[in-house]
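Geometric and topological summary
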Amino acid sequence: MDIAVIPMKIDIIDDFLTDYYANIFVKTFGDSKFPWFFVDDLNHVQRRGNYYFNHSVIREYEVKSQHWLPIFEPLVNRIGVSFRNVYKLKVNLYTRTQFRVHHFSHTDYDPNLGLRTCLYYVNTNNGFTVFDGKRKIRSKKNRAIIFDGSTKHHSTTPTDSNWRCSINMDYKL
């Protein structure tokens, strides 16, 4: 019996938001006043170099950071959903490393939950997102990728910029 391998569909959309909103994200998340939270075990794996900073805004449909919610309105509107349909919304920050670090692969949610993932890149750098261990999508300012977050993927650190920032949103269709 032959098993068909169905390639994962990844929509890559450059210039996802207006320059005005894209620049607001760069300014906000690149500002030392934005509250980042240190996570020492990215994807629940304790290993040297396997860390990042994040800020959870919505988790399991519950707003965790009311103050910062309005800044994400253009992103949520562009996807075409309301905040009540957002399962998770968080901002990720990876700091520069001397050599590229590949984080462990993970899924954002279990299959068949009727969810999609939008990963929005805040700034341009040489970090990327890896799918299936082969396909790489580079971090480019104002680029969004839409995909099935129940498939394995992972992030990398940048080596050419002090920071790599992305917004991860899982939402109900």
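Our subject is the structure listed above.
Below: a short report on this structure.

Rules used throughout
Residues numbered from 1 in each chain as written. Predicted model: local features only at pLDDT ≥ 70, side-chain atom pairs only at ≥ 80, totals over all residues. Heavy atoms only, no water. Helix = DSSP H or I, 4+ residues; strand = E, 2+ residues; numbered from the N terminus. Rg over C-alpha atoms; globule rule 2.2 N^0.38 Å. Buried < 20%, exposed > 50% of the residue type's maximum accessible area, 1.4 Å probe, protein only. Contact = heavy atoms within 4.5 Å. Areas by Shrake-Rupley, 256 points an atom, 1.4 Å probe, with all protein chains shown as cover. Disulfide = S-S within 2.5 Å. Arc of directions from axis to C-beta. Salt bridge = Lys/Arg side-chain N within 4 Å of Asp/Glu carboxyl O. Pairing = 2+ DSSP bridges. Axes fitted to C-alpha atoms, helices over the stretch in contact; angles between N-to-C directions.

As a further point, take the overall build of the chain. Looking only at helices and strands, one finds 2 helices and 11 strands in the chain. Here the chain has a C-alpha radius of gyration of 16 Å; the compact-globule value for 173 residues is 16 Å, and the two agree. Seen along its three principal axes, the alpha-carbon backbone of the chain occupies a region of about 55 × 40 × 30 Å. Looking at the chain as a whole, 48% of its 173 residues qualify as buried. Looking at the chain alone, contacts between residues at least 24 apart form 75% of all its contacts between residues at least 6 apart. Accessible surface computed for the chain: about 9,600 Å², of which carbon and sulfur atoms make up 51%.

Moving on, we get to the state of the cysteines. Under the defined criterion, the tally for this structure stands at 0 disulfides. With no disulfide of its own, Cys118 lies closest to Cys165 among cysteine sulfurs, the gap being 13 Å.

Let us now look at helix α1 (residues 19–29). Within α1, the full set of buried residues consists of Ala22, Phe25, Thr28 and Phe29. Taken down its axis, α1 places every buried residue within 130° of arc, on the same side. Summarising the geometry of α1, the exposed residues directed more than 90 degrees from the buried face are Asp19, Tyr20 and Lys27. Next to the buried residues of α1 lie α2 (73–79), β5 (86–95), β6 (115–121) and β11 (163–172).

Across all of its chains, the model carries 5 salt bridges by this definition. Where Arg143 meets Asp14, a salt bridge forms, and the shortest distance between an N and an O atom there is 2.6 Å. With Arg143 in strand β9 (residues 143–147) and Asp14 in the loop between β1 (11–13) and α1, the pair connects residues that are 129 residues apart, well separated along the chain. Residue Arg143 is classed as buried on the basis of its relative accessible area of 13%. Owing to a relative accessible area of 33%, Asp14 belongs among the partly exposed residues under this scheme. Salt-bridge contacts for Lys64 lead to Glu62; the nearest nitrogen and oxygen are separated by 3.3 Å. One salt-bridge network, held together by shared partners, links Asp14, Lys140 and Arg143.

Take the sheet that holds strand β7 (residues 128–131) next. Strand pairing in a sheet relies on backbone hydrogen bonds. The paired strands run either parallel or antiparallel. Taken in spatial order, the 3 strands line up as β8-β7-β10 in an open sheet, and their pairing is antiparallel. The open sheet terminates on both sides in strands that have one partner only, identified here as β8 (135–138) and β10 (153–155). Strand-to-strand twist across the sheet, computed as the mean angle between neighbouring axes with direction ignored, equals 20°. As paired elements, β7 and β10 share 3 bridges and run antiparallel to each other. Pairing of Phe131 across the sheet is with His153, part of β10.

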